[in-house]
Amino acid sequence: MLTLLKRSIQFIPRFSYHPNVIDHYENPRNVGSLDKSNPKVGTGLVGAPACGDVMKLQIQVGEDGKTIEQAVFKTFGCGSAIASSSYATEILKGMTLEDAYNIKNSDIASYLKLPPVKLHCSMLAEDAIKKAIEDLQSKNNQATEKQEK
């Protein structure tokens, strides 16, 4: 019986994550929060009801108002969601808002080598980036409108 069990286990397909996912999951970069009332900070909060992942990604721009100086995240979710958030914050630093807005989930998924069943995690990261930029722009448009009045 034990021999039969050992043989059957050998044929179970094993799913393993790419080392890039494991690295970002076990050693996440840029975990934290920024002051969302700061006019130079944009916050993107997104979630995936199907799997329960929730991602908050924040960016802070420099004096020029166009270059991302800092990016942080807090994610409640699976290892792929955490890795996607972590990697996204790394690539955002030093980017212009325009370049950051053009980041695609495929850029994140490609680096992390996410399997098809985990692509929604990289989509969450893309959505969080876009929402953070839109939040930042919304704050600055409101501030500009107040100054004009």
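Residues numbered from 1 in each chain as written. Predicted model: local features only at pLDDT ≥ 70, side-chain atom pairs only at ≥ 80, totals over all residues. Heavy atoms only, no water.

Novice: Which parts of the structure should I look at to understand the overall build of the chain?
Specialist: When helices and strands are tallied, the chain shows 6 helices and 3 strands. Taken from the N to the C terminus, the helices and strands of the chain come in the order α-α-β-β-β-α-α-α-α. Considering the chain as a whole, with its 149 residues, one finds that 39% of them fall into the buried category. Long-range pairs, those at least 24 residues apart, make up 62% of the contacts in the chain between residues at least 6 apart in sequence. Of the roughly 8,900 Å² of accessible surface on the chain, a fraction of 55% belongs to carbon and sulfur atoms. (Helix = DSSP H or I, 4+ residues; strand = E, 2+ residues; numbered from the N terminus. Buried < 20%, exposed > 50% of the residue type's maximum accessible area, 1.4 Å probe, protein only. Contact = heavy atoms within 4.5 Å. Areas by Shrake-Rupley, 256 points an atom, 1.4 Å probe, with all protein chains shown as cover.)

Novice: Would you explain the pairing of strand 1 (residues 41-48) in this entry?
Specialist: Each regular strand carries side chains that alternate between the two faces of the sheet. Of all 8 residues in strand 1, 6 are buried; the element is thus mostly enclosed. Hairpin connection of strand 1 to strand 2 (residues 53-61): 4 residues between the antiparallel strands, including Gly52 at a positive phi of 90 degrees. (Pairing = 2+ DSSP bridges.)

Novice: Explain the packing of helix 2 (residues 19-26) against helix 3 (residues 79-92) here, please?
Specialist: Helix-helix packing is characterised by the crossing angle of the two axes and by the distance between the axes. Look at helix 2 against helix 3: their axes get within 8 Å of each other, and the N-to-C directions meet at 85 degrees. The angle between helix 2 and helix 3 places the two elements in the roughly perpendicular class. Residues Val21, His24 and Tyr25 of helix 2 pack against Gly79, Ser80, Ile82, Ala83, Ser86, Tyr87 and Glu90 of helix 3. Each residue belonging to the contact of helix 2 with helix 3 can be placed in one class, and the counts come to 5 nonpolar, 4 polar and 1 charged. (Axes fitted to C-alpha atoms, helices over the stretch in contact; angles between N-to-C directions. Parallel < 35°, antiparallel > 145°, perpendicular 65-115°, else oblique. Nonpolar A, V, L, I, M, F, W, Y, C, P; charged D, E, K, R; others polar.)

Novice: I would appreciate a short explanation of a nonpolar patch on the surface in the present structure.
Specialist: A surface patch of nonpolar side chains, amounting to about 330 Å² of accessible area, comprises Leu45, Val54 and Phe76. Looking at the element boundaries, Leu45 is found in strand 1. (Patch = residues over 30% accessible without salt bridge, like charges linked within 9 Å, V, L, I, M, F, W, Y side chains within 5 Å. Salt bridge = Lys/Arg side-chain N within 4 Å of Asp/Glu carboxyl O.)

Novice: Even after reading the chapter, I still don't get the confidence of the model for the chain, so can you show me in this structure?
Specialist: Do not read the predicted coordinates in detail wherever pLDDT is low. Across the chain, the average pLDDT comes to 87, with 85% of residues at or above 70. Segment residues 1-14: pLDDT under 50, and 1 contact once partners within four positions in sequence are set aside and those in other chains are kept. (pLDDT = per-residue confidence, 0-100.)

Novice: Would you mind showing me how to read helix 2 here?
Specialist: Residues three or four positions apart in an α-helix share a direction because the helix packs 3.6 residues into each turn. Burial in helix 2 covers these residues: Asn20, Val21 and His24. Taken around the axis of helix 2, the buried residues stretch over an arc of 100 degrees, which confines them to a single face. Helix 2 presents Pro19 and Glu26 as exposed residues on the side facing more than 90 degrees away from its buried surface. On its buried side, helix 2 packs onto helix 3 and helix 5 (105-112). (Arc of directions from axis to C-beta.)

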